[in-house]
Every structure is written in structure tokens, then in C-alpha cells.
Amino acid sequence: MTLYGVGLGPGESDLVTVRGKRVLEDADVVYSPGRLSKSVVTDHIPERRIGDLDFPMTRDPEELRTAWRDAASEVAPRARDGDAAFVTLGDPNVYSTFGHLRRTLDAFHPEVDVETVPGVSAVSAFTTALGVEVDAGAGLALREASQGKSPTGPDRMVLFKVTDAPATHEGLVDDGYDVTYGRRLFMEQGDTTVTSDPEEIAERDYYTLAYAERAGLQKDRPTAFEDARGDEVAGDD
Ligand SMILES: C[S@@+](CC[C@H](N)C(=O)[O-])C[C@H]1O[C@@H](n2cnc3c(N)ncnc32)[C@H](O)[C@@H]1O
């Protein structure tokens, strides 16, 4: 049988995909590594079908490797004898813990089949919440900005893990970026904030993203007016 990595979306339970919901309903056991993902899951299935997996709060690579091996040993027999699911917020393949589990299963339990059910990533939830249009052909880089880091370089970046917005902001503005922040977007718990003022979100909250764009970036956007004049406008999504 199969282990399904299911993306739950940004945190509101009606942003779980139809397929994700079906997989959760059909799975014999659903593993949920965090409190927020568990609250989304329990909107779809009874709590008694949620399995237990412990993850230490550590960055120590050896401790983490051991934790993932233990997790894989717990999950493997359940996914061999039936169907199991492991959920992540957003998408399981975007900056996610699911990759650790999949690689550990591949190495130690290759008999387990693994499938992924994509979810709405915080990246697209964010661009929607901000009304940012990522134009066709535009480059968009994903980076991490934990502990006040300010990665720079690309013209447009989505930054994950903005845990010290004022410090991150300073570095980005010094390098010529306009920055907007989004906190707890499309989430059931906590207050949603979208702001360009880093002081408004100075208090640490892991569920914070930033969108940084080089000030004065040239945008060449066709409009219906140009279309009517016969200029070339692509119709593809
Ligand atoms: C480890 S990454 C997980 C990304 C996830 N797999 C995805 O596809 O969205 C965690 C980071 O995603 C961002 N994030 C996830 N959900 C969010 C939300 N609903 N609102 C704001 N930021 C969010 C935060 O920057 C957080 O630090």
C-alpha cells in the first residue's frame, strides 16, 4: 500500500484540495507533525485516526537523523499493511519536512510506495493575499530569512521564516528592495497581517513571509486596450 504526503494548504481547512481530503478520509492513519496542521486535519477526520510522531525541537543533525529514522520505522509498517498519510502545511515539496521522511523511507524501507498530493503553497497564498502579479516570464526566487537575515540578488523574492522583520527589512531596503510582509495568511488561528511596516510585525511569529522586489523594476504588461489594438497578448495561464 502507500504513504501519501498530503499538502494541506496554508491553514484554512477549506483550502485542502478535494484529492487531499479524499486521501485523508481513506487513510488508515494520518500523521500530523504540528499543532496547526493537526487542527486542519481534525476538520476532516476524527482525532482517533491521527497517529503519534515525535519530533525534537533541535537543529542537531544527528538528533534529527535519528528522529527521522524513528519516524520512518513507525510509518513504514502502517504504509505497508494499509494506507497512511503524512501531512504538511502548504505543499509537501516546498521547503517542507516531508522530503526528510521520503528520503529516509527510500533508504531504509524501500518497499514502501510514496505518493505526493500537492497543496496550495504559502507562496501562492501570499501572492494572492498581497495582490502581487508574478508576470509570465518573470523570475521569482525563494529564500529563507530566519533570524534577521536579508538575502539579496534576484529581482523578486519570496522569503520564508521571517522571524525578525525589522532586521531583515533593514538589509533589504539598504540593497534597494521594496518589501511587503504577510503573517498567518489564510490560517484559522491567529490574526492575519499584510503590511509594509516591519515594526507592525516585530514580534516573532514563524508563520511570516516577505515579498521583496527591486524598486523601480520595469514591468511590461499588456492590457485589454493594447490587445484591442492588435498587439500580441498570450492567452495561456
Ligand atoms: C518550512 S516552510 C513550509 C512551506 C510550506 N511547505 C508551503 O508550501 O507553504 C514554513 C514557512 O512557510 C511560511 N508560511 C507557511 N504557511 C504560512 C501562512 N499561512 N502564512 C504566512 N506564512 C506561512 C512561513 O514563512 C514559514 O516560516
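Per chain, residue numbering runs from 1 following the sequence as it is written. The predicted nature of this model means local features are confined to residues of pLDDT at least 70 and side-chain atom pairs, given and counted, to a pLDDT of 80 or more, with totals for whole chains, interfaces and linings taken over all residues. Hydrogens and waters are ignored; side-chain quantities use all the structure's heavy atoms.

Engineer: Lay out the side chain of T163 with the relevant residues and their values.
Structural biologist: Structurally, T163 is set in the loop between strand 7 (156-160) and helix 6 (165-174). Two N or O atoms count as a polar contact when they lie within 3.5 Å, although within protein this holds only if one can serve as hydrogen donor and the other as acceptor, and sequence-adjacent residues are included solely when both atoms are side-chain atoms. Among the polar contacts made by the side chain of T163, one reaches the main-chain amide nitrogen of Q147 at a distance of 2.7 Å. Contacts: residue pairs with any heavy atoms within 4.5 Å of one another. Ignoring any residue separated from it by four or fewer positions in sequence, one finds T163 in contact with A145, S146, Q147, G148 and R204. Numbering of helices and strands runs from the N terminus; a helix is a DSSP stretch of H or I covering at least four residues, while a strand is a stretch of E covering at least two.

Engineer: Before we move on, could you go through the site of the ligand and cite the residues and values that matter?
Structural biologist: For this description, a residue counts as near a given molecule or strand if any of its non-hydrogen atoms is within 4 Å of it. Lining the immediate environment of the ligand, one finds 19 residues, of which V94, A122, L185, Y206 and T208 sit closest. In this structure, an oxygen atom belonging to the ligand sits 2.8 Å away from a main-chain N or O atom of D91. A total of 570 Å² of accessible area belongs to the ligand in isolation, and the protein chains cover 94% of it. Where each domain begins and ends is defined by an automated method or by a domain database. Among the domains, domain 1 (2-117) and domain 2 (122-214) are the pair contributing at least three residues each to the shell around the ligand. Accessible surface is estimated by sampling points in the Shrake-Rupley manner with a 1.4 Å probe; for residues, cover comes only from the protein chains shown.

Engineer: Tell me about the packing of aromatic side chains, residues and numbers included.
Structural biologist: Pairing of aromatic rings covers Phe, Tyr and Trp, the last through its six-membered ring, and needs centres within 6.5 Å; plane angles under 30 degrees mean stacked, over 60 mean edge-to-face, and all others mean tilted. For the structure on display, the rule yields four aromatic pairs. Centre to centre, the rings of Y206 and Y207 are 5.1 Å apart; their planes meet at 85°, and the pair counts as edge-to-face. Taken together, the aromatic side chains of W68, F86 and F98 make up a single cluster linked through ring pairs.

Engineer: Tell me about the packing of helix 3 (residues 61-81) against helix 4 (residues 98-108), and please be specific about residues and values.
Structural biologist: At a minimum axis separation of 9 Å, helix 3 and helix 4 run at an interaxial angle of 70°. Classified by the interaxial angle, the pair formed by helix 3 and helix 4 is roughly perpendicular. Taken together, the residues of helix 4 that come into contact with helix 3 (itself represented by W68, R69, A71, A72 and A76) are H100, L101, T104, L105 and F108. Split by residue class, the contact of helix 3 with helix 4 holds seven nonpolar, two polar and one charged. In this analysis an axis means a line fitted to C-alpha atoms, helices contributing only their contacting stretch, and an angle means the value between N-to-C directions, from 0 to 180 degrees. If an angle is under 35 degrees, it is roughly parallel; if it is over 145, roughly antiparallel; if it lies from 65 to 115, roughly perpendicular; otherwise it is oblique. Amino acid classes used here: Ala, Val, Leu, Ile, Met, Phe, Trp, Tyr, Cys and Pro are nonpolar; Asp, Glu, Lys and Arg are charged; the rest, including Gly, are polar.

Engineer: Describe the pairing of strand 1 (residues 2-7), naming the residues involved and giving the relevant values.
Structural biologist: Whether a residue is buried, partly exposed or exposed follows from its accessible area with a 1.4 Å probe, protein chains only, as a fraction of its type maximum: under 20%, in between, or over 50%, in that order. Counting buried residues in strand 1 gives six out of six residues, a clear majority hidden from the surface. Of the two faces of strand 1, the one holding T2, Y4 and V6 and the one holding L3, G5 and G7 are both buried throughout. Relative to strand 4 (residues 84-88), strand 1 is paired through five bridges, and the arrangement is parallel. Note that in strand 4 the partner of V6 across the bridge is V87. Paired strands, in this sense, are two strands between which DSSP finds at least two bridges.

Engineer: Can you lay out the sheet that holds strand 10 (residues 208-214) for me, pointing to particular residues and giving the numbers?
Structural biologist: If you trace the five strands from one edge of the open sheet to the other, you get 6-7-10-8-9, paired in mixed fashion. Edge positions in the sheet fall to strand 6 (141-144) and strand 9 (193-195), since each of these pairs with one other strand and no more. Between one strand axis and the next, the sheet turns by 20° as a mean value, whatever way the strands run. Here four bridges tie strand 6 to strand 7, and the two strands are oriented parallel to one another.

Engineer: I'd like to hear about the domain arrangement of the protein, residue by residue, with values.
Structural biologist: When cut into domains, the protein gives domain 1 (2-117) and domain 2 (122-214). Computed from C-alpha atoms alone, the centre-to-centre distance between domain 1 and domain 2 is 27 Å. Buried surface area refers to the total accessible area, computed with a probe of radius 1.4 Å, that the two partners give up upon joining, counted for both partners together. Each partner contributes to the roughly 1100 Å² buried at the junction of domain 1 and domain 2, and carbon and sulfur atoms together form 56% of this total. It is P10, L36 and Y95 in domain 1 that bury the most area against domain 2; as a group they hold 51% of the surface buried on that side. What counts as a salt bridge is simple: a side-chain nitrogen of Lys or Arg found within 4 Å of a carboxyl oxygen of Asp or Glu. Summed over the shared surface of domain 1 and domain 2, the result is zero salt bridges. Joining domain 1 to domain 2, the criterion identifies five residue pairs in polar contact (both at pLDDT 80 or more). A class-by-class count of the residues in the side of domain 1 that touches domain 2 yields six nonpolar, four polar and four charged.

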